[in-house]
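# Descriptive structure summary
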Amino acid sequence: MHFPSARRSSRSRPFLGVSSLGVPSLRRRASDAVELMDDPDCDPVKLASTYANFRFVNGVVSGWRGMYRRDIRPLLSSTRESTLLDVGCGGGDVARALARWAARDGLRLRITAVDPDARAHAYAMSLPPLPGLTFRRALSSDLVAERRRFDVVVSNHVLHHLTGEQLGGLLADSERLAAHRVLHADIERSRFAYLGFGLGTWPLFRRSFIRDDGLTSIRRSFTAAELREVVPPGWQVTREHPSRLVLRRVVPTGPASAGLASAVSASAVSVLAGTASAVSVLAGTASAGSVLAETVPASVSFPVKSDRRNGHSRPEREPERVHVHERGQANDSGARVRDVIVVGGGPVGILLAGLLAVRGVDVEVVEQRAKPSLRSRAIGIHPPSLRALEQLGVAEEVLARAVRIRGGVVRSDGRTLGRLAFTETVDRMQSVISLPQFETEAVLRARFAELAPGRLRGGVTVTGVSERGGRVAVETAKTVETAKPGGTHGTVEGIGTGGTGEGGVSAGETLEARYVVAADGARSLVRDLLGIRCTARTGGETYLMSDYPDTGEHLGEAVLFFERGGVVESFPLPGGRRRWVAMTPTLQADATSDDLAALIRARTGTQLPPTTAEASAFSVQQRLATRLVAGRVVLIGDAAHQISPIGGQGMNLGWLDALQLAPALERALRDPEAASGVLGDYDRRRRRSARMAARQADFNMAMGGPVQGLRLRARNGLVRALAAPPASAVLARAFTMRWL
């Protein structure tokens, strides 16, 4: 199947990716646009140069290193060989990169890279061979016909070459071929991508097709919304970073369930129909002729119900979940042994439990509180955390409830010292948003209840944790909530009395799981029971905070007042309100919101409206657990690291823990021999991230401390320097946690 080469002559060559001074219309896919590499008679020198330069282009735009760390590496083993299929591999640069990374990490991975184009295959075969990497000139349907199976199936910049029906064919083949996971990565059509690629490649790659065909590829690409509308149930579309989409499918472990693949005959679907056409220049994998599919018969349809609540297409009926270990596995007393028990039902614990449930892991949560707290507490949600929420399928709902923080402004003595822009794109997943913690927690709990009904048990306190062979025993007792000023306090009763706690846990009951995760906060009882110490980094600073009606003076911006008496911070909240936080000389536990308003007026001159919200005083303590993994028990969130809330890092850092721990636990459950390695990697990487976050928090608090005279002028000068390019871009990236 070929593109008619006559179409190519009708396309004018763009300058900087624009016609005249305007970007071509990107409202619809330019599915009939033709790339120069599609011409079988194209310049062979330029073609070879294009293949050679894919490596450098993909190193900047593809994001495969991150996907390898998050999605592929947790599935691999140093003792058991895993298999991966790269569909539409082109010149083979992504396949070669994956092979190198796995070898560097000491993991056994055999890669099969296929492409039907003779020119792409010849180029890939001309490069020095790598152990475990095989290139074939073949279609995905050929491998289906051979009844081949691979642990992971990937493609890069293939999707934009396909119509809706052709996309269905690729996904059907992928379902048949993948045993565990599918990752189809592609560019997203947007003005940002078009202009960025056009400007970034203008002086480069003149002796190749990369720039021209790259711009054409962007015009042909899907948007996230378009892709979500056409993919069948079981597939998830996520934005990995601006203008980058990943179509992901995680296959539940266990007996294969009937899915889309069983509805489409192998003979009817041939993805990557074999001719020298359809090259994705941005891909590095999708090379000449890699991605045209035979048309799927009109009788084949993919019934999808669009769920506007979370922005994902979802099946009319949820498929039955197959857990990582055999259903109904029980201990000696006949009680159910879970895959994972999460201790702590706050936002970090619930997010982790949801990410595990999405992966088919049999997970249960026990929470000391009988009812969720309605205190606002954490409010800031950063772009990496939105990626985690997107994987769970709740990002759109959280975004709909939240308010977007477009940037920050720093002021002192009534003057503006500088501004930071947190995002320059229209990609909502790259936003910094604000939402009270109790609302975020409610969304997470509702989603977990959909994924694992009845698995969140409230009013349960853990009183003991001990390993028993390949399991962890969790002793529980009923929690009695007693009121106290500012909230509730949990006490334990009925140990061994046989009383019943909320959610059906009897006081004194012992639960068992293959792994236990401690997400029970800064005063973690599980951590104390394990004897894990925490090292204190710094602390002692005290603050007072409350919420007030928004005066409308700083719409959509966070404001930092670096004043002589100490920092005052202000952040927008939904519903026309703002959070105000001020550093105080001492802990003012009895202070009211009126007291805080008076302090803010004295420092900044801002007159705040009256509020019914109560003020909350807190002191900053920064601690890091000496280890995050103890046998089959893992620490996460505040139980693992306590970070200053100034800068909004605490909850977000815990969510990033969950984003890494979920695939690590999935791997540990599936491959016990690899458990020590993947959990050790989690320990090292998250402790390193926590130390980086703590250093940033130290910097934040030091900048906001009380200063006078020369020190005040020096600090304000430093702020001005940091708020100016190019330092401002680095600072904005740090404050939005994109480096963690």
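It should be emphasised that the depicted structure is a prediction, and the values quoted were computed from it without experimental measurement. (Residues numbered from 1 in each chain as written. Predicted model: local features only at pLDDT ≥ 70, side-chain atom pairs only at ≥ 80, totals over all residues. Heavy atoms only, no water.)

### Examining the overall build of the chain
Within the chain, the secondary structure is distributed over 20 helices and 29 strands. Counted over contacts in the chain with a minimum sequence separation of 6, partners at least 24 positions apart contribute 76%. Accessible surface for the chain amounts to roughly 29400 Å². Of this, 53% is attributable to carbon and sulfur atoms. (Helix = DSSP H or I, 4+ residues; strand = E, 2+ residues; numbered from the N terminus. Contact = heavy atoms within 4.5 Å. Areas by Shrake-Rupley, 256 points an atom, 1.4 Å probe, with all protein chains shown as cover.)

### With respect to the environment of Gln696
Turning to its location among the elements, Gln696 is positioned in helix H18 (residues 675-703). With 47 residues separating them in the primary sequence, Gln696 and Gln649 have C-alpha atoms 9.4 Å apart.

### Considerations on the sheet that holds strand S13 (residues 403-405)
If you trace the three strands from one edge of the open sheet to the other, you get S12-S16-S13, paired in antiparallel fashion. For this open sheet the edge positions go to strand S12 (380-381) and S13, each flanked by a neighbour on one side alone. (Pairing = 2+ DSSP bridges.)

### Focus on the packing of aromatic side chains
Following the criterion strictly, the structure yields three aromatic pairs and no others. Taken together, a centroid distance of 5.6 Å and an interplanar angle of 45° make the contact between Tyr68 and Trp101 tilted. Here Tyr68, found in helix H2 (residues 64-72), pairs with Trp101, found in helix H3 (residues 93-104); they are 33 residues apart in sequence, far enough to count as distant. Residue Tyr68 shares its accessibility class with Trp101, and that shared class is buried. (Phe/Tyr/Trp six-rings, centres within 6.5 Å; stacked < 30°, edge-to-face > 60°. Buried < 20%, exposed > 50% of the residue type's maximum accessible area, 1.4 Å probe, protein only.)

### Regarding the pairing of strand S11 (residues 363-367)
By the criterion of burial, S11 is predominantly enclosed, with five of the five residues buried. In S11, alternate side chains face the same way, and those of Val363, Val365 and Glu367 on one face and Glu364 and Val366 on the other are all buried. Strand direction decides the pairing type here: strand S10 (residues 337-343) and S11, joined by four bridges, are parallel. Residue Ile341 lies in a different strand from S11, and its bridge partner there is Glu364. Where S11 lies against strand S17 (residues 456-458), three bridges are found, and the strand directions are parallel. Along S17, the bridge assignment pairs Val365 with Leu456.

### Let's talk about the confidence of the model for the chain
For the chain, the mean per-residue pLDDT works out to 76, and 68% of the residues sit at or above 70. For the stretch residues 254-328, pLDDT sits under 50, and the model shows 257 contacts to residues farther than four places along the chain or on other chains. A low-confidence stretch, residues 484-506 stays under pLDDT 50, and its non-local contacts, those more than four residues away or across chains, total 52 contacts. (pLDDT = per-residue confidence, 0-100.)

### Section: the pairing of strand S25 (residues 577-584)
Counting buried positions along S25 gives seven out of eight residues, so the element sits mostly inside the fold. By the bridge criterion, six bridges tie strand S24 (residues 566-573) to S25 in an arrangement that is antiparallel. By the bridge assignment for S25, Ser570 is matched with Trp580. Between S24 and S25, which follow one another and run antiparallel, lie three residues, and Gly575 among them has a positive phi close to 75°.

### Points about the nonpolar core
As a rule of thumb, soluble globular proteins bury nonpolar side chains together. In this structure, Val340 and Leu389 are the most contacted members of the largest nonpolar core, which totals 71 residues. Per element, the largest residue contribution to this core is 11 residues, and it comes from helix H17 (residues 650-670). If sequence neighbours within four positions are ignored, Leu389 has contacts with Leu351, Ile381, Val394, Ala395, Val398, Leu444 and Trp655. Counting residues in each nonpolar core, the second largest holds 27 residues, with Ile72, Cys89, Ile111 and Val154 among its members. (Core = buried A, V, L, I, M, F, W, Y, C linked by side-chain atoms within 4.5 Å.)

### Let's talk about the environment of Ala473
Assignment of secondary structure puts Ala473 in strand S19 (residues 471-484). Considering only alpha carbons, one finds Ala473 and Val516, 43 residues apart in sequence, at a separation of 8.8 Å. Once residues within four sequence positions are removed from consideration, Ala473 is found in contact with Gly464, Val465, Ser466, Arg468, Thr510, Leu511 and Glu512.

### What to know about a positive patch on the surface
A grouping of Arg65, Arg69, Arg100, Arg688, Arg691 and Arg695 is seen on the molecular surface, where their side chains present a positively charged patch. Those elements that place two or more of their residues in the positive patch are H2 and H18. For Arg69, the position within the fold is in helix H2. (Patch = residues over 30% accessible without salt bridge, like charges linked within 9 Å, V, L, I, M, F, W, Y side chains within 5 Å. Salt bridge = Lys/Arg side-chain N within 4 Å of Asp/Glu carboxyl O. Lys, Arg positive; Asp, Glu negative; His and termini not counted. Charge placed at Lys NZ, Arg CZ, Asp CG, Glu CD.)

### Let's talk about the side chain of Ser570
Within the fold, Ser570 resides in strand S24. Polar side-chain contacts of Ser570 include one of 2.7 Å to the side chain of Arg578. Discounting residues that sit within four places of it in the chain, Ser570 has contacts with Glu557, Ala558, Val559, Arg578, Arg579 and Trp580. (Polar contact = N/O pair within 3.5 Å; in protein donor to acceptor, adjacent residues only side chain to side chain.)

### Quick notes on the packing of H17 against H18
Interaxial distance between H17 and H18 falls to 9 Å at its minimum, and their mutual angle equals 170°. By the angle between their directions, the pair H17 and H18 is classed as roughly antiparallel. From H17, Leu653, Leu656, Asp657, Gln660, Leu661, Ala664, Leu665, Arg667 and Ala668 reach across to H18, where they touch Ala675, Val678, Leu679, Asp681, Tyr682, Arg685, Arg686, Ser689, Ala690 and Ala693. In terms of residue class, the contact of H17 with H18 is made up of 12 nonpolar, two polar and five charged. (Axes fitted to C-alpha atoms, helices over the stretch in contact; angles between N-to-C directions. Parallel < 35°, antiparallel > 145°, perpendicular 65-115°, else oblique. Nonpolar A, V, L, I, M, F, W, Y, C, P; charged D, E, K, R; others polar.)

### A few points about the packing of H2 against H3
Taken N-terminus to C-terminus, the directions of H2 and H3 make an angle of 55°; their axes are 11 Å apart at the nearest point. By the angle between their directions, the pair H2 and H3 is classed as oblique. For the element pair H2 and H3, the recorded crossing hand is right-handed. Side by side, H2 and H3 meet where Trp64, Arg65, Tyr68 and Ile72 of the first sit next to Val94, Leu98, Trp101, Ala102 and Arg104 of the second. Of the residues in the contact of H2 with H3, the class split is seven nonpolar, no polar and two charged. (Left-handed = near helix turned anticlockwise from the far one by under 90°.)

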